[in-house]
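Structure assessment
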Amino acid sequence: MNTAGHSEATQRRGLELTPFRGLRYDPDRVGSLASVTSPPYDVVVRPDGLHHLQSADPHNIVRLILPQAGTPSARTEQAADTLRRWLDEGILTADPEPGLYVYEQRDGDGMLQRGVIGTLRVSEPAEGVVLPHEDVMPPVVADRAALMRATRANLEPLLLTYRGDGTAAEVVERTAEKPPLLATTTEDGFRHRLWSVTDPADLARIQTDLAGRQALIADGHHRWATYRRLRAEHPSPSPWDYGLVLLVDTARYPLRVRAIHRLLHGLPVADALRAVEGLFRVRRLDLPLADALTALADASCAGNSFLLAGDGAFHLLDRPDPDLLARTVPADRPAAWRSLDATVLHATLLEHVWRIPEDSPAHIAYIHHTAATVEKAERDGGTAVLMHPVREEVVRDLARQGVTMPRKSTSFGPKPASGLVLRALEI
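All values derive from a computational prediction rather than experimental measurement.

**Structural notes on the overall build of the chain**
Assigned secondary structure in the chain consists of 14 helices and 21 strands. For the chain, the C-alpha radius of gyration of 22 Å lies close to 22 Å, the compact-globule estimate for 427 residues. Taking as baseline every contact in the chain between residues at least 6 positions apart, the subset at least 24 positions apart corresponds to 80%. As displayed, the chain has an accessible area near 17900 Å², and 51% of this comes from carbon and sulfur atoms. Taking the average location of the 49 positive side-chain charges in the chain and that of its 56 negative ones, the two points are 2 Å from each other.

What follows is the structure, encoded as structure tokens:
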């Protein structure tokens, strides 16, 4: 742990965002722009969801970000071959000149988010420019690195946030008043628009403003770790010095923060409850999902709490034994870290009570969608552990102290749709 932290005021070097020639689908060569998009690779977790995307259009981006050949090497080779074929056939084409891209998302509930997509200089956590807040799983980084090596492309932007409300935000707002390069509405009801910024004066305004900023990784820790690995493998200067990102100014557009839930394979709910007897207060809730989540939110105001599901009911765990926490939660971290639900889940419940290895896909899955987690637990006989989200300011404060949260602690959104703009390193 870096106890010195990362004070934004003391940074010598800030965010270096550079234009690139985006790869975009030719709308005349695909069914629709909506039909070729996908959520980020780690959100497409259910086989039926993957099949749905593959069936939506033969050129859906999921065929690049989640190729389905048999072996890992076959999958990466398949993605590379597919990308080359789509480029040769004009399915994907490069924009004529480098630019930064203003990206907008809206939903039917009045949510509006705008940010800037570009290639960002890859930096190490010690530089304090891009702040991670979660640990990563090495096998996932290795998988993403193999895919990027094979395709020589950044296939989807990761999501970073910063707080600025400066000249970059002004350029974003002014650009959004113009006709967009593309506009589409995906089946989740989100409307997406994209603009290219190529004017040298506007590019300079964005870059100068961001040069004094510090960013938090909101979504894409594994891809950022992959960028770092690939940069280390290639002598600088090289295209691998930069990676594709979406930067959102949360002073203008606060993100939504949701929890990422856990699915414990092979642990029936009855066994999970038996193990926590006497260590947590346990209450059975015969309620609909929405009401059970409200009960979880209420309990979270008073301390650590979790909602277990998988046996047709919900079970609220709260009021953990203080002696248990003292024995199991590491004492060498800030109080805000020690009191996180994710910390107590991983350090106390998974490691000491249920004895489940957190880095084994055979034992645990991380799922963003609440209802899907419950449904899969009930279908497979496992235990769903539903979490309450962490506030963004808590995440940012810990990241500035150099403290990483337990993996998959948060889900920031809305996440950028994959497939609207890609980056090929050699174009």
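**As for the nonpolar core**
Within the largest apolar cluster, 112 residues are counted, with the highest numbers of intra-cluster contacts made by Y25, I117, L160, W224, L247, F306 and W354. Of all the elements, helix α12 (residues 341-353) adds the most residues to this core, at 6 residues. Every residue in contact with L247, bar those within four places of it in the chain, is listed here: L15, L17, G115, V116, L160, Y162, L210 and A215.

**Looking at the packing of helix α3 (residues 72-88) against helix α4 (residues 138-151)**
Where α3 meets α4, the axes come as close as 8 Å, and the angle between the chain directions of the two elements is 35 degrees. The element α3 and its partner α4 pack so that their crossing is right-handed. Contacts between α3 and α4 involve T76, A79, A80 and L83 from the former and A146, L147, A150 and T151 from the latter.

**Remarks on the pairing of strand β14 (residues 261-264)**
Both faces of β14 are covered, namely the face carrying H261 and L263 and the face carrying R262 and L264. Where β14 lies against strand β18 (residues 364-367), 4 bridges are found, and the strand directions are antiparallel. Across the sheet, H261 pairs through a bridge with I367, a residue of β18. Judged from the 3 bridges that link them, β14 and strand β19 (residues 383-386) form a sheet pairing that is antiparallel.

**Some thoughts on helix α14 (residues 392-400)**
Every buried residue of α14 is listed here: E392, V394, V395, R396, L398 and A399. For α14, the elements touching its buried residues are β6 (130-131), β8 (158-162), β11 (215-219), β13 (256-258), α11 (335-338) and β20 (411-413). Positive phi appears at G402, one or two residues downstream of α14, with a value of about 80 degrees.

Procedures and definitions
- Residues numbered from 1 in each chain as written.
- Predicted model: local features only at pLDDT ≥ 70, side-chain atom pairs only at ≥ 80, totals over all residues.
- Heavy atoms only, no water.
- Helix = DSSP H or I, 4+ residues; strand = E, 2+ residues; numbered from the N terminus.
- Rg over C-alpha atoms; globule rule 2.2 N^0.38 Å.
- Contact = heavy atoms within 4.5 Å.
- Areas by Shrake-Rupley, 256 points an atom, 1.4 Å probe, with all protein chains shown as cover.
- Lys, Arg positive; Asp, Glu negative; His and termini not counted.
- Charge placed at Lys NZ, Arg CZ, Asp CG, Glu CD.
- Core = buried A, V, L, I, M, F, W, Y, C linked by side-chain atoms within 4.5 Å.
- Buried < 20%, exposed > 50% of the residue type's maximum accessible area, 1.4 Å probe, protein only.
- Axes fitted to C-alpha atoms, helices over the stretch in contact; angles between N-to-C directions.
- Left-handed = near helix turned anticlockwise from the far one by under 90°.
- Pairing = 2+ DSSP bridges.

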